[in-house]
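# Report on the structure
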Amino acid sequence: MTLEKKAAEEIATCLEQMDSLKKVCIENNNIKDRGAIALSQALEDNETLLSLHLENNGISLQGAEAIGTMLESKYKLSKLNINKNPIGDEGFKKIAAGLTDIETLRIITLAETGISSASIPELSNCLKNKRFLTKLLLDHNRIGPEGARTLAAGIKDNETLTNLHLSNCFIGEEGAIALS
């Protein structure tokens, strides 16, 4: 076991004792799936979590599945950062399922996560009840024009979204038109 994974498991054990924890920021620590699973289990009963930042930790499908399950009970969550983790389309579907009922989300960042247009229907469905969402980052994913059209349908009724980041998402002219 690498030091990073062992440290993540030890931190997770400590987090289980902190029932008033509001923000968890564990970025650039290479916790991988095993660390994400331990962390998700530790946060399962936390009812106060508002902000979760797990950027650049080598989290893939298994870790995303654990995070998605944990998110199902995080009704107060306002910020989620999963940037730079290779969760892919299948991992995103697990996270989207966990986000569906969270109405308080203000910021979702999913840049460089390996998602494609195949994930956008789940994202669009997930965004429909996000009346406080102000920022959505999807940079450096293969969304394409079809994904942009689907995303446009998902955000069309959102009156609070002020920041939509789609840099290097290959949306092209068709996608730009759909989003306008």
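Refer to the structure presented above.
Residues numbered from 1 in each chain as written. Predicted model: local features only at pLDDT ≥ 70, side-chain atom pairs only at ≥ 80, totals over all residues. Heavy atoms only, no water.

### A word on the overall build of the protein
Counting its regular elements, the protein contains seven helices and six strands. Written out in order from the N terminus, the α and β elements of the protein read α-β-α-β-α-β-α-β-α-β-α-β-α. The C-alpha atoms of the protein give a radius of gyration of 16 Å, which matches the 16 Å a tight globule of 180 residues would have. If one aligns the C-alpha atoms of the protein with their principal axes, the spans along those axes are about 50 × 30 × 20 Å. A burial count over the protein gives 47% of its 180 residues as buried. Accessible area of the protein: about 8800 Å², with a carbon and sulfur share of 49%. Charge centroids of the protein, computed over 20 positive and 25 negative side chains, lie 3 Å from each other. (Helix = DSSP H or I, 4+ residues; strand = E, 2+ residues; numbered from the N terminus. Rg over C-alpha atoms; globule rule 2.2 N^0.38 Å. Buried < 20%, exposed > 50% of the residue type's maximum accessible area, 1.4 Å probe, protein only. Areas by Shrake-Rupley, 256 points an atom, 1.4 Å probe, with all protein chains shown as cover. Lys, Arg positive; Asp, Glu negative; His and termini not counted. Charge placed at Lys NZ, Arg CZ, Asp CG, Glu CD.)

### Thoughts on a negative patch on the surface
On the surface, Asp-19, Glu-44, Asp-45, Glu-47, Glu-72 and Asp-101 cluster together to form a negatively charged patch. Tracing the sequence through the fold places Asp-45 in the loop between α2 (32–43) and β2 (51–53). (Patch = residues over 30% accessible without salt bridge, like charges linked within 9 Å, V, L, I, M, F, W, Y side chains within 5 Å. Salt bridge = Lys/Arg side-chain N within 4 Å of Asp/Glu carboxyl O.)

### With respect to the pattern of salt bridges
Should the charged atoms of two oppositely charged side chains come close, the side chains can pair. For the coordinates displayed, the defined rule picks out four salt bridges. Across the pair Glu-90 and Lys-93 runs a salt bridge, and its minimum N-O distance is 3.4 Å. In this pair, Glu-90 and Lys-93 are both assigned in helix α4 (residues 88–99), three residues apart and thus about one turn of the helix distant. Residue Glu-90 is classed as partly exposed on the basis of its relative accessible area of 44%.

### Quick notes on the side chain of Asn-57
Within the secondary structure, Asn-57 sits in the loop between β2 and α3 (61–71). Within the structure, Asn-57 has its side chain in polar contact with the backbone oxygen of Glu-55 (distance 3.3 Å). When sequence neighbours within four positions are dropped, the list of residues in contact with Asn-57 reads Ile-26, Glu-27, Asn-28, Asn-29, Asn-30, Ile-31, Lys-32, Lys-84 and Asn-85. (Polar contact = N/O pair within 3.5 Å; in protein donor to acceptor, adjacent residues only side chain to side chain. Contact = heavy atoms within 4.5 Å.)

### Things to note about the sheet that holds strand β3 (residues 79–81)
Spatially, β1-β2-β3-β4-β5-β6 is the arrangement adopted by the six strands of the open sheet, whose pairing is parallel. Pairing within the sheet leaves two strands with one partner each, and these edge strands are β1 (23–25) and β6 (163–165). Pairs of neighbouring strands in the sheet enclose a mean axial angle of 5°, with direction left out of account. One ladder, built from three bridges, connects β3 with strand β4 (residues 107–109); its direction is parallel. Each bridged residue has a counterpart across the sheet, and for Asn-81 the counterpart in β4 is Thr-109. (Pairing = 2+ DSSP bridges. Axes fitted to C-alpha atoms, helices over the stretch in contact; angles between N-to-C directions.)

### Considering the packing of aromatic side chains
Going through the model one piece at a time under the given rule, you end up with zero aromatic pairs. We note Arg-142 situated over the ring of Phe-170; from NZ or CZ to the ring centre the distance is 4.3 Å. (Phe/Tyr/Trp six-rings, centres within 6.5 Å; stacked < 30°, edge-to-face > 60°. Lys NZ or Arg CZ within 6 Å of the ring centre and 35° of its normal.)

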